[in-house]
Amino acid sequence: MKKNSFQLYRRDFLKSCYKALSFAGIFYLSFQPEKLLFSRENSQYDPTKHWYGMGIDIHKCIGCGRCADACKKENDVPREPIYFRTWIERYVVPIEGETYVDSPNGGIDGFPEFKGDIDILKTYFVPKICNQCAKPPCVQVCPVGATFLSQDGVVLVDEKWCIGCRYCIQACPYGARYLHPVKKVADKCTFCYHRIVKGLLPACVEVCPTQARIFGEVGLQSSPLRRFVRFNDIIVTKQYLNTEPKVYYAGADMEVR
Amino acid sequence: MKSFDWKNIKLNPKIPRQIISLAIIFAIAIAAFVIGRMLFVPRSFGKYGHYRGNALDEIASQKINYAGYQVCTNCHSNIYNSLTKSNHKGVSCETCHGPAAKHTGSPGEYKPIVPREREHCQLCHAFNPSRPTGFPQIIAETHNPGKACMACHEPHNPLVPQVISECSACHRTIANQKRVSHHASLSCEQCHKVTEKHLTNPKLEKAGKPVERAFCGQCHAKDADSLKEIRRIDLSTHGGRYLCWECHYPHYPEAKR
């Protein structure tokens, strides 16, 4: 039979189809290897079934600083007294005038005696940590998508993708971020993400000797956090900013911000 | 099969050649963009949101340093059992013994720290007015100076050697305030009903407070049989339905005003 330029034999057509299919398959796999090899869906942990938060009871905090110390030891936070993922503040509320707040080395070495000639109305410790906002302003400003709110409600930093521009550090209203001096990327509390996905508590919650910190599921009916929120009067810090923090303070008065 | 014959292609006379060349340039530009994007944007970017999906696995794979008290109980259940019945029941093993994941991994090779110095216990138990009232605190300079804490107190079952006689052991801020107030000469028991149970298990039974105005009236009522320097008040007209201590702070009753 005479071959026409636009005429195809069935065999040739099928051959081309096989070639095209195999090329397409190789092309697809070469760009999507993790779908076959490291599928998160295969592991037991399902992030869509969690939504984490923390409760902090100011009446229970004794200011021992073990949380800030454990956080540094667990997450290799630099020991210099300016880098913290969590820290303790001491509030001294005078009868008249401005509230005095300090946090020497985040409270890790204890608090020296308060020196000041004021009549003290009350004084207490407030543990501070990233609020893991449901509407995080730090995520909004990231120009490269290196910081994000995970499906289980934790604001994380992708340290391989972060360009160290510091926008997020400026955007955080709670001062919960810092620039890691060695890695030169933004660093912050992860709720000890590597621990919670394995069912462990965050290091600061694990070591708190007075259970001033409660970690758990915000949405779960039977969660230590739900009980904490039910039986305490709760505030979140800087509520007017609409960041929807998921760190709930009990026993905090209006000075705490 | 004969190859594709470019000369035979009849261009649609309605499309000018310039448009065709432009279309080719556009097609090349778009292809370059698509290929460039594939090369530069990580493959897992956008898998769960505007971030690199693989970052989650990288963060979750971080090394654990704090093993969690559950692991400790596997071998040290006897210590844990006595601890949970003691006043240190909420204190995690690693609060004092430090991160122990290396120890739980290979117990023979790594030993966790055993802090014996007084400074360690003082992190929680040194007197600090910002700590919540009721928390047992000492003044290290006067509390058996130089003696190891463990000589008298077993940290896994920290009983006080004798029943506490000084209320200031746990309520030193109140005691300090009272000492410089007009009520300095009054003992705590004069106003508070302190039961034996409050001394041994203060959380279960609180110290009683005066429940009627007439109690303060024993000294402060107009017709009271007390020193004439004591301020007097007409209980029938002053204060209405309130108990005296619902307005006045008895531990520091308007000492300066």
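Just so you know, these numbers come straight off a predicted model, no measurement behind them.

What follows covers the overall build of chain B. When you go through chain B residue by residue, the secondary structure sums to 11 helices and 0 strands. When the helices and strands of chain B are read in sequence order from the N terminus, they spell out α-α-α-α-α-α-α-α-α-α-α. For the C-alpha atoms alone, the extent of chain B along its principal axes is close to 125 × 65 × 30 Å. Every one of the 257 residues in chain B was classed for burial, and the buried ones make up 23%.

With that settled, the discussion passes to the confidence of the model for chain A. Residues and elements named next belong to chain A. Per-residue confidence for chain A gives a mean pLDDT of 89, with 91% of residues at or over 70. Looking across chain A, the model is least confident in helix H2 (residues 33–37), with a mean pLDDT of 48, and most confident in strand E6 (residues 155–157), with 97. Every residue in residues 33–42 is under pLDDT 50, and counting partners more than four places away or in other chains gives 15 contacts.

Membership of the largest hydrophobic core comes to 43 residues, with the highest contact counts inside it found for Met54, Ile129, Phe191 and Tyr193 of chain A. Those elements that provide at least two residues to this core are strand E1 (52–57), strand E2 (86–94), strand E4 (120–129), helix H6 (193–196), helix H7 (203–207) and strand E11 (247–250) of chain A together with helix H2 (54–60) of chain B. Among the nonpolar cores identified, the runner-up in size contains 9 residues, and Cys138, Val155, Val157 and Cys162 of chain A belong to it.

All names here are of chain B. When pLDDT is averaged along chain B, the result is 88, and 93% of the positions lie at 70 or above. Put simply, helix H10 (residues 196–200) is where chain B has its lowest mean pLDDT, 84, and helix H5 (residues 93–97) is where it has its highest, 95. Across the whole predicted complex the pTM is 0.81, and at the interface the ipTM reaches 0.80.

Further remarks concern the sheet that holds strand E10 (residues 234–235) of chain A. All names here are of chain A. With respect to topology, 4 strands assemble into an open sheet ordered E9-E1-E11-E10, the strand pairing being mixed. With partners counted over all chains shown, the strands left at the sheet margins are strand E9 (213–217) and E10, one partner each. Where E10 meets E11, 2 bridges bridge the pair, whose relative direction is antiparallel. The partner of Ile234 across the bridge, within E11, is Ala250.

On to the sheet that holds E2 of chain A, then. Residue and element names in this part refer to chain A. The 3 strands are arranged E3-E2-E4 in an open sheet whose pairing can be described as antiparallel. Single-partner strands in this sheet number two, and they are strand E3 (100–102) and E4. When strand polarity is set aside, the average angle formed by the axes of neighbouring strands in this sheet is 20°.

On inspection of all chains with the given rule, the structure shows 9 aromatic pairs over all chains. Ring plane angle 5° and centroid distance 3.7 Å describe the contact between Phe148 of chain A and Tyr51 of chain B, whose orientation is recorded as stacked. Taken together, the residues Phe148 of chain A in strand E5 (residues 147–149) and Tyr51 of chain B in the loop between helix H1 (17–40) and H2 connect one chain to another. With a relative accessible area of 4%, Tyr51 of chain B lands in the buried category. Site record: aromatic cluster; members linked through ring pairs are Tyr52, Phe191 and Phe215 of chain A. Above the plane of the ring of Trp51 of chain A lies Lys246 of chain A, whose end atom (NZ or CZ) is 4.9 Å from the centre.

What counts as what
Throughout, residues of each chain are indexed from 1 in the direction in which the sequence is written. All chains are assigned letters beginning with A, and all ligands numbers beginning with 1, in the order in which they are written. Whole-chain, interface and lining totals are the exception, using all residues; otherwise, since this is a predicted model, local features are given only for residues with pLDDT of at least 70 and side-chain atom pairs are given and counted only at 80 or more. Derived side-chain values reflect all non-hydrogen atoms in the structure, with water molecules and hydrogen atoms excluded from consideration. Runs of E in the DSSP output that reach at least two residues are strands. Runs of H or I that reach at least four are helices, and both are numbered from the N terminus. Three labels apply to residues, based on accessible area from a 1.4 Å probe with only protein chains included: buried if under 20% of the type maximum, exposed if over 50%, partly exposed otherwise in between. Per residue, pLDDT captures the predictor's confidence, and it can take any value from 0 to 100. Contact between two residues is taken to exist if any of their heavy atoms lie within 4.5 Å; hydrogens are not considered. Residues belong to a common nonpolar core when they are buried Ala, Val, Leu, Ile, Met, Phe, Trp, Tyr or Cys residues joined through side-chain atoms within 4.5 Å. Two strands are counted as paired when DSSP detects at least two bridges linking them. Orientation is described by lines fitted to C-alpha atoms, with helices fitted over the stretch in contact, and by angles between N-to-C directions that extend from 0 to 180 degrees. Aromatic pairing here means that ring centres of Phe, Tyr or Trp (its six-membered ring) are within 6.5 Å. Orientation follows from the plane angle: under 30 degrees is stacked, over 60 is edge-to-face, and everything else is tilted. A ring is considered to have a charge above it if a Lys NZ or an Arg CZ atom is located within 6 Å of its centre and within 35 degrees of its normal.

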